[in-house]
Amino acid sequence: MSSSGGQKFSLIPKIVNGGIAGIVGVSCVFPLDLVKTRLQNQQVGADGRRMYNNMFDCFKKTLKAEGLRGMYRGSAVNIVLVTPEKAIKLTGNDFFRHRLSVNGKLPIEREMLAGAGAGFCQIIITTPMELLKIQLQDAGRTAAKEVVSGGGVVVAPKASTIALNLLRTKGIVGLYKGTAATMLRDVGFSVIYFPLFARMNAMGPKKYPGSEEAPFWYSFICGLSAGAFGAVAVTPADVVKTRLQLLHRAAGERQYTGVLNAFTSIIQHEGFAALFKGAAARAMVIAPLFGIAQTVYFLGIAERLLGVEKQRK
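What counts, and where the lines are drawn
Residues numbered from 1 in each chain as written. Predicted model: local features only at pLDDT ≥ 70, side-chain atom pairs only at ≥ 80, totals over all residues. Heavy atoms only, no water. Phe/Tyr/Trp six-rings, centres within 6.5 Å; stacked < 30°, edge-to-face > 60°. Helix = DSSP H or I, 4+ residues; strand = E, 2+ residues; numbered from the N terminus. Buried < 20%, exposed > 50% of the residue type's maximum accessible area, 1.4 Å probe, protein only. Core = buried A, V, L, I, M, F, W, Y, C linked by side-chain atoms within 4.5 Å. Contact = heavy atoms within 4.5 Å. Salt bridge = Lys/Arg side-chain N within 4 Å of Asp/Glu carboxyl O. Expected span 1.5 Å × (residues − 1). Bend = angle between axes of the 7 residues up to and from the residue. Polar contact = N/O pair within 3.5 Å; in protein donor to acceptor, adjacent residues only side chain to side chain. 1 Å grid on protein atoms, 1.4 Å probe; cavity = no way out; pocket = protein on both sides within 12 Å on 5 of 7 lines; lining within 4 Å. Points joined across faces, edges and corners; volume = space filled by probe spheres on them. Nonpolar A, V, L, I, M, F, W, Y, C, P; charged D, E, K, R; others polar. Axes fitted to C-alpha atoms, helices over the stretch in contact; angles between N-to-C directions. Parallel < 35°, antiparallel > 145°, perpendicular 65-115°, else oblique. Left-handed = near helix turned anticlockwise from the far one by under 90°. Patch = residues over 30% accessible without salt bridge, like charges linked within 9 Å, V, L, I, M, F, W, Y side chains within 5 Å. Areas by Shrake-Rupley, 256 points an atom, 1.4 Å probe, with all protein chains shown as cover.

1. Description of the packing of aromatic side chains
Item 1. For the structure shown, the criterion picks out 10 aromatic pairs.
Item 2. Summarising the aromatic geometry, the rings of Phe189 and Tyr193 are spaced 5.5 Å apart at their centres and angled 5° between planes, so their arrangement reads as stacked. Separated by four residues within a single helix, Phe189 and Tyr193 lie in helix α6 (residues 179-203), roughly one turn from each other. Judged on exposure class, the residue Phe189 and its partner Tyr193 are both buried.
Item 3. An aromatic cluster of three or more residues is present, and its members are Phe189, Tyr193, Phe194, Phe197 and Phe290.

2. Observations regarding the nonpolar core
Generally speaking, soluble globular proteins have nonpolar side chains that are buried together.
Item 1. Counting residues in each nonpolar core, the largest one holds 34 residues, and the members touching the most others are Leu90, Tyr193, Ile286, Leu289 and Phe290.
Item 2. Listed by contribution, the elements that provide at least two residues to this core are α1 (11-41), α2 (55-71), α3 (75-100), α4 (108-148), α6, α7 (216-233) and α10 (279-299).
Item 3. Broken down by element, this core gets its largest block of residues, nine residues, from α10.
Item 4. Counting 10 residues, the second largest nonpolar core, distinct from the first, contains Val239, Leu244, Phe263 and Ala274.

3. What about unusual backbone geometry?
Item 1. Non-glycine residue Asn103 carries a positive phi angle of around 55°.
Item 2. Residue class for Asn103 comes out exposed when judged on its relative accessible area of 77%.

4. Some points on the side chain of Arg185
Item 1. Within the secondary structure layout, Arg185 lies in helix α6.
Item 2. Since its relative accessible area comes to 6%, Arg185 is described here as buried.
Item 3. Setting aside residues no more than four positions away along its own chain, Arg185 makes contact with Thr126, Glu130, Val234, Ala237, Asp238, Lys241 and Arg282.

5. As for the pattern of salt bridges
Item 1. If you walk through the whole model with that rule in mind, you get 17 salt bridges.
Item 2. With a closest N to O distance of 3.0 Å, Lys36 and Asp238 form a salt bridge. Pair noted here: Lys36 is in helix α1 and Asp238 is in helix α8 (residues 235-245), with a separation of 202 residues, a long-range link. Across the pair, Asp238 and Lys36 agree in class, each one buried.
Item 3. The network of salt bridges with common partners includes Asp33, Lys36, Glu130, Lys133, Arg185, Asp186, Asp238, Lys241 and Arg282.

6. What to know about α2
Item 1. Taking 1.5 Å of rise per residue, 17 residues should cover 24 Å, yet α2 covers just 13 Å from first to last C-alpha, more than 12% shy of that figure.
Item 2. Along its length, α2 shows its largest kink, about 95°, at Ala65.
Item 3. Looking only at α2, the buried set comprises Met55, Asp57, Cys58, Thr62, Gly70 and Met71.
Item 4. Capping the start of α2, Asn54 holds a side-chain oxygen 3.1 Å from the backbone nitrogen of Phe56, two or three residues further along.

7. Examining the environment of Gln245
Item 1. Within the secondary structure, Gln245 sits in helix α8.
Item 2. Using a relative accessible area of 0% as the deciding quantity, one classes Gln245 as buried.
Item 3. Taking the C-alpha atoms as reference points, Gln245 and Glu303, separated by 58 residues in sequence, lie 38 Å from one another.
Item 4. Excluding residues within four positions of it along the chain, Gln245 makes contact with Thr127, Glu130, Leu131, Ile134, Gln135, Lys177, Gly178 and Thr182.

8. Description of the environment of Met200
Item 1. Tracing the backbone shows Met200 in helix α6.
Item 2. Residue Met200 is classed as partly exposed on the basis of its relative accessible area, which comes to 22%.
Item 3. Considering only alpha carbons, one finds Met200 and Leu184, 16 residues apart in sequence, at a separation of 24 Å.
Item 4. In this structure, Met200 is in contact with Tyr218, Cys222 and Ser225, ignoring residues within four places of it in sequence.

9. Quick look at empty space enclosed by the protein
Item 1. Overall, the coordinates contain one cavity of 30 Å³ or more when judged by the stated rule.
Item 2. The space that makes up the largest cavity amounts to roughly 290 Å³.
Item 3. Together, 23 residues line the largest cavity, and Lys86, Glu130, Arg185, Ile286 and Leu289 are the ones closest to its centre.
Item 4. For the lining of the largest cavity, the secondary-structure elements that each account for two or more residues are α1, α3, α4, α6 and α10.
Item 5. For the lining of the largest cavity, the residue count by class is 10 nonpolar, three polar and 10 charged.

10. Re the packing of α6 against α10
Item 1. Remark: α6 packs on α10, axes separated minimally by 13 Å, with the N-to-C direction vectors making an angle of 50°. The angle between α6 and α10 places the two elements in the oblique class. With respect to the hand of their crossing, α6 and α10 are arranged in right-handed fashion. Across the interface between the two elements, Arg185, Phe189, Tyr193 and Phe197 of α6 pack against Arg282, Ile286, Phe290 and Gln294 of α10.
Item 2. Here the residues of the contact of α6 with α10 are counted per class, giving five nonpolar, one polar and two charged.

11. Section: a nonpolar patch on the surface
Item 1. Together, Leu11, Ile12, Ile15, Leu305, Leu306 and Val308 make up an exposed nonpolar region whose accessible area comes to about 530 Å².
Item 2. Secondary structure elements with two or more residues in the nonpolar patch: α1 and α11 (301-306).
Item 3. Tallying contributions element by element places α1 first for the nonpolar patch, with three residues.

Structure follows, in structure tokens:
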């Protein structure tokens, strides 16, 4: 997804491709993302009991209690905002790689810097998107826990209601709760993913003799592999971000004052392994998202829709 130094940087097709990749990807893997969120927000009770034993148990219980529609709770806000979010992330990386390359070459430290720039730029969309999505995804878990503890029925929130309440009580800053943790996760992931994908992609087979472009199947595998590795590596930051952004907690669940407090409190009360809650589900979400992104870029869907020539490497 990088541009060599001698090519013109075509912005619009890259933005459209990023948006298409985000919408298709989210539509495919959202139920797994919901499972990931519920596993990460789950805290072990004083008696050692937990609502979900593992990813498959969470999926089964959620599907049984809330149906297929419940598995896509919060998907609307994610699909709406994922277009600019993925467009910023993917286009940002391409832009920074284009600007930082020297004679078509990009040292590893500049690849990491380009990834960091892309990750930093996306948090303007990612933070409010994740905050709203998490409230909707976790509503079923907290509602069930409240009923069990005798707290009555909890009405599932709406994204618009949450956003308006936050704007009314805390202003625009309210939508950016957990920004530091979001930045830690997204910048960290981008620093890992983009250079790793580019290096793996460059090492593999080529479409034909003399070409610098890898065949589709190999780029797809590289996207899956780099995405899975990056996702697992930054899971601790994702767990902390998810906990910090949760606005409504079930009875008895701990509150956190910031990133450092969340890290230390989780380790103290739940052990180091708790920082990797939902890691498998997260890898299963992120890997296909970026595999799909590679598919969209490879096929040049935006270029076909816009009637422009696809850039070749």
